[in-house]
Amino acid sequence: MFRILFLCFCLTVTPAIAQNKAAVEQQFQSWLDKTLWPKARAAGVSRNTFNAAFKGVSLNWKLPDLVPPGSSQSGPRQQRQAEFGSPGKYFSAGSVQGATRVGKQMAQRHAKALSRTERKTGVPGRIILAIWGRESGYGRVNIPHDAFEVLGTKAFMSTRAPYFTDELIAALKVANSRSAPKGRLKSSWAGALGQPQFMPSNVLAYAVDGDGNGRADIWTSEADTIASIGNYLNKHGWKKGRDWGFEVRVPASVSCTLEGPDQGKRISDWANLGITRVSGKPFPKAEARKEGFLLMPAGRGGPAFIVTPNFYVLKEYNKSDLYALFVGHVGDRIQYNVGDFSAGWAPVGGLYRSDVAKMQRALERQGHDVGGADGLPGFKTRRSIGRWQEANGQPATCFPEKRMKSELK
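Residues numbered from 1 in each chain as written. Predicted model: local features only at pLDDT ≥ 70, side-chain atom pairs only at ≥ 80, totals over all residues. Heavy atoms only, no water.

J.: Sorry, what's going on with the overall build of the chain here?
T.: Along the backbone of the chain there are 18 helices and 10 strands. By its C-alpha atoms, the chain is 65 × 55 × 35 Å across when sized along the principal axes. Taken over 409 residues, the chain has a buried fraction of 53%. Only carbon and sulfur atoms are counted for the fraction: they give 51% of the accessible area of the chain, which is about 18,600 Å². Each charge class in the chain can be summarised by its mean position, and for the 57 positive and 33 negative side chains these summaries are 2 Å apart. (Helix = DSSP H or I, 4+ residues; strand = E, 2+ residues; numbered from the N terminus. Buried < 20%, exposed > 50% of the residue type's maximum accessible area, 1.4 Å probe, protein only. Areas by Shrake-Rupley, 256 points an atom, 1.4 Å probe, with all protein chains shown as cover. Lys, Arg positive; Asp, Glu negative; His and termini not counted. Charge placed at Lys NZ, Arg CZ, Asp CG, Glu CD.)

Right under this line is the structure:
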């Protein structure tokens, strides 16, 4: 996906912009000195830290969503040209099985730290492990980018410059505190740091000391990484004693348009509608009395779930439904040895994000709330498609399909 975005960017940069890179680089250096440094100084960053952070740093022109000075290029428009694939691709056997296999090893190796964090935060160890595995392969994935190059570039000329400016100041504060390892601060292409892949502001807000040495080191300390992930979820509202969700069978009599965190019911009420767990077991008594939500990430073309508020806490870590589902599922595989989802993923997808965005705008014109025309079929878009289908006498599938391109435009 990233290679596609980079290619789109390279193909759309005009010759004038390419010839003007040197001038833009000069503007960047001036911006560092005249705009960023006063903000950093006001935030308590020393001049030595600032100079060390930007020594030898230049703009990274390969990053997505860049709008160089004098350019009218739209990053989000180019992003929507990316193909939207089947949600099932997110759950490839290699990624799920690898995260599970290593996660079980880590569960034994770090049992004390996981138990300690679970007692303190209420977040189960299996959930912490799954996030750790997804974010950095349990600390084994190389994080290659210079954080100040990435954040500096995005703060200077990205489509979300104010956000990344704040994150850049936070990264400077992290470096100034000397909590990070010596040398260049490394990040993902988006500027995320350490084994939990926290954005810099989250490092300042949620990184904690898990091994008792007085430092919150999310780069080299597994105990601090575990404690910090647990602290993050706890501070975002994790409900102790509740699960994240259950795979279920949804009968045809229950419309997929009932999906969403704003259409909750008591789990016992979902059961009364005919929704059952794929395991054949009843919903736990403690859960049955509490609120749950229907989740159908591929509409009728994939697995369905009844999820709890904790599912949406997982989405505070990453806004994707599929991310939160991956974490919950891998966590269950680590602790309970569950297998693959009972329902398979139909070969949905194959559309460009621009195609989905056109459908979303058409639905908006008809009065539907699709959650914004961003080219991604989130729950509001899925159920809006289902409501449109039902209004037109069609069976509701609640997912964009190629044939809809000519009907929704």
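We are not done yet, so read on.
J.: I'm lost on the sheet that holds strand β5 (residues 265-266) in this one. Help?
T.: Sheets are built from strands paired through backbone hydrogen bonds, the pairs being either parallel or antiparallel. With antiparallel pairing, five strands are arranged side by side in an open sheet as β5-β7-β9-β4-β6. The sheet is open, and its two edges are formed by β5 and β6 (276-277), each paired on a single side. Contacting β7 (291-295) and β9 (304-307), helix α15 (residues 309-317) runs over the sheet at an angle of about 60° to β7. (Pairing = 2+ DSSP bridges. Contact = heavy atoms within 4.5 Å. Axes fitted to C-alpha atoms, helices over the stretch in contact; angles between N-to-C directions.)

J.: Looking at this structure, how should I read the side chain of His110?
T.: Within the fold, His110 resides in the loop between α6 (93-109) and α7 (111-121). Excluding residues that lie within four positions of it along the chain, His110 makes contacts with Trp132, Glu222 and Ile226.

J.: Just to check I follow, could you spell out the pairing of strand β4 (residues 245-249) for this structure?
T.: Looking along a regular strand, one sees the side chains alternate between the two faces of the sheet. Where burial is concerned, most of β4 is hidden: four out of the five residues are buried. Here β4 pairs with β9 via four bridges, running antiparallel. Counted as the bridge partner of Val248 is Ala304 from β9.

J.: What's the story with the packing of α7 against helix α12 (residues 222-235) in this structure? I'm lost.
T.: Geometry of a packed helix pair, given as the angle between the helix axes and the separation of the axes. Contact pair α7 / α12: the axes reach a minimum separation of 9 Å and the direction vectors enclose 20°. Classified by the interaxial angle, the pair formed by α7 and α12 is roughly parallel. As α7 packs across α12, the resulting crossing turns out to be right-handed. Only Ala223, Ile226, Ala227, Gly230, Asn231 and Asn234 of α12 make contact with α7, whose side of the interface consists of Ala113, Leu114, Arg116, Thr117 and Thr121. Per-class residue counts for the contact of α7 with α12 are five nonpolar, five polar and one charged. (Parallel < 35°, antiparallel > 145°, perpendicular 65-115°, else oblique. Left-handed = near helix turned anticlockwise from the far one by under 90°. Nonpolar A, V, L, I, M, F, W, Y, C, P; charged D, E, K, R; others polar.)

J.: Got a minute to help me understand the pattern of salt bridges in this structure?
T.: One side chain can pair with another of opposite charge once the charged atoms of both are near each other. Applying the stated rule across the entire model yields 15 salt bridges. In this structure, the salt-bridge partner of Arg126 is Asp332, at a minimum N-O distance of 3.2 Å. In this pair, Arg126 is assigned in helix α8 (residues 125-136) and Asp332 in helix α16 (residues 321-336), connecting sequence segments 206 residues apart. The same class applies to Arg126 as to Asp332, namely buried. The salt bridge partner of Arg382 is Asp321, with a shortest N-O separation of 2.9 Å. One end of the pair, Arg382, is in helix α18 (residues 379-391); the other, Asp321, is in helix α16, and 61 residues separate them in sequence. (Salt bridge = Lys/Arg side-chain N within 4 Å of Asp/Glu carboxyl O.)

J.: What exactly am I supposed to notice about the environment of Gly194 here?
T.: As for its placement among the helices and strands, Gly194 is situated in the loop between β3 (186-187) and α11 (200-206). By relative accessible area, which is 4% here, Gly194 ends up buried. In the structure, Gly194 is positioned 13 residues away from Pro181 in sequence and 10.0 Å away in space, judged by C-alpha atoms.

J.: Sorry, what's going on with the state of the cysteines here?
T.: Under the criterion given, the structure shown has one disulfide. With its sulfur 2.1 Å from that of its partner, Cys256 forms a disulfide with Cys398. In this structure, the disulfide formed by Cys256 and Cys398 twists by about 85° around the S-S bond and is classed as right-handed. Here Cys398 lies in the segment after α18 and Cys256 lies in the loop between β4 and β5, a separation of 142 residues in the sequence. With respect to class, Cys256 is no different from Cys398; both count as buried. (Disulfide = S-S within 2.5 Å.)

J.: Got a minute to help me understand the packing of aromatic side chains in this structure?
T.: The relation between two aromatic rings is expressed through the spacing of the ring centres and the mutual angle of the planes. Using the criterion set out here, one finds 25 aromatic pairs in the structure. On the numbers, 6.2 Å between centres and 45° between planes, the contact of Trp244 with Phe305 is tilted. Here Trp244 is found in the loop between α12 and β4, whereas its partner Phe305 is found in strand β9, with 61 residues between them in sequence. Ring geometry for Trp244 versus Phe311: centroids 6.4 Å apart, planes at 35°, classification tilted. Pair noted here: Trp244 is in the loop between α12 and β4 and Phe311 is in helix α15, with a separation of 67 residues, a long-range link. Residues Trp244 and Phe311 agree in their burial class; the two are buried. In textbook terms, an aromatic cluster arises when at least three aromatic residues are bridged by ring pairs, as seen for Tyr90, Phe91, Trp244, Phe293, Phe305, Phe311, Tyr312, Phe326, Phe341 and Trp345. It is Arg160 that lies over the ring of Tyr163; its NZ or CZ is 4.3 Å from the centre. Lys265 extends its terminal NZ or CZ atom over the ring of Trp270, reaching a point 5.4 Å from the ring centre. (Phe/Tyr/Trp six-rings, centres within 6.5 Å; stacked < 30°, edge-to-face > 60°. Lys NZ or Arg CZ within 6 Å of the ring centre and 35° of its normal.)

J.: What should I look at first to understand α16 in this one?
T.: Because each turn of an α-helix spans 3.6 residues, side chains separated by three or four positions end up pointing in the same direction. Taking 1.5 Å of rise per residue, the 16 residues of α16 would be expected to cover 22 Å, and the 22 Å separating its terminal C-alpha atoms lies within 8% of that figure. Of all the 16 residues making up α16, 14 are buried; the element is thus mostly covered by neighbouring parts of the structure. N-capping of α16 is provided by Ser320, with a side-chain oxygen placed 3.0 Å from the backbone N of Leu322. (Expected span 1.5 Å × (residues − 1). Polar contact = N/O pair within 3.5 Å; in protein donor to acceptor, adjacent residues only side chain to side chain.)

J.: Sorry, what's going on with the pairing of β9 here?
T.: On β9, burial covers both faces: Ala304 and Ile306 on one face and Phe305 and Val307 on the other are all buried. Judged from the three bridges that link them, β7 and β9 form a sheet pairing that is antiparallel. In the sheet register, Leu295 faces β9, and the bridge partner there is Phe305.

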